[in-house]
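# Fold and geometry: a report
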Amino acid sequence: QVQLVDSGGGLVQPGGSLRLSCTASRITFNIYTFAWYRQAPGKERELVASITSGGKINYAGSVEGRFTISRDSTKNAVYLQMTSLKPEDTAVYYCNANAGFYNDYWGQGTQVTVSS
């Protein structure tokens, strides 16, 4: 069974940085599109950033210029470098791996809290 493990969340002050990691196992890593989603309390889950198997990247407008998504096939890992964090970035962040309708997997989520 495919497994995604999300890590790297925590409490950070506004303006600070965090790096989230998603480690994938039992997966043909290079064929998947990976994405980071987030869900704040009382809100729907939203797409933050995605990276295709070919390296095409997309960002939500609210994070463009502050967040960077990357993938490392040698480690079966995907990262989200987050800088200039704002209180409105507070959410549970989830990694997603997708290679079609029957190949869609989620990590367990990692909490990011931006507060002074």
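Starting afresh in each chain, residues are numbered from 1 along the sequence in its written order. Totals for whole chains, interfaces and linings use every residue, but because this is a predicted model, local features are given only for residues with pLDDT of at least 70 and side-chain atom pairs only at 80 or more, for both listing and counting. Side-chain numbers come from the whole structure's heavy atoms, not from hydrogens or water.

Salt bridge, as used here: a side-chain nitrogen of Lys or Arg that lies within 4 Å of a carboxyl oxygen of Asp or Glu. All told, the structure shown has 3 salt bridges when counted by the stated rule. Asp89 serves as the salt-bridge partner of Arg38, at 2.9 Å between the closest nitrogen and oxygen. With Arg38 in strand β4 (residues 33–39) and Asp89 in the loop between β8 (77–82) and β9 (91–98), this pair connects stretches of sequence that are 51 residues apart. Helix numbering and strand numbering both begin at the N terminus, where a helix is a DSSP run of H or I of at least 4 residues and a strand a DSSP run of E of at least 2.

Moving on to the sheet that holds strand β1 (residues 3–7). A pair of strands is considered paired only if DSSP assigns at least 2 bridges between the two. What the 4 strands build is an open sheet, ordered β1-β3-β8-β7; its pairing is antiparallel. Every interior strand has two partners, whereas the edge strands, β1 and β7 (67–72), have only one. Mean inter-strand twist for the sheet, computed between neighbouring axes without regard to direction, equals 15 degrees. Angles run from 0 to 180 degrees between N-to-C directions of axes, and those axes are lines fitted to C-alpha atoms, restricted for helices to the stretch in contact.

Nonpolar cores are built from buried Ala, Val, Leu, Ile, Met, Phe, Trp, Tyr and Cys residues. Side-chain atoms within 4.5 Å join them into one set. Throughout, exposure labels follow a simple rule: accessible area from a 1.4 Å probe, protein chains only, divided by the maximum for the residue type, with under 20% read as buried, over 50% as exposed, and the rest as partly exposed. Phe34, Trp36, Leu80, Met82 and Tyr93 are the most contacted members of the largest nonpolar core, which totals 31 residues. Looking at this core, the elements with two or more residues in it are β3 (18–25), β4, β5 (46–51), β7, β8, β9 and β11 (110–114). The contact criterion used is simple: two residues touch if any of their non-hydrogen atoms lie within 4.5 Å. With near-sequence residues (within four places) excluded, Tyr93 lies in contact with Asp6, Leu20, Trp36, Tyr37, Arg38, Val48, Phe67, Leu80, Met82, Gly109, Thr110 and Val112.

These figures capture arrangement, not role.
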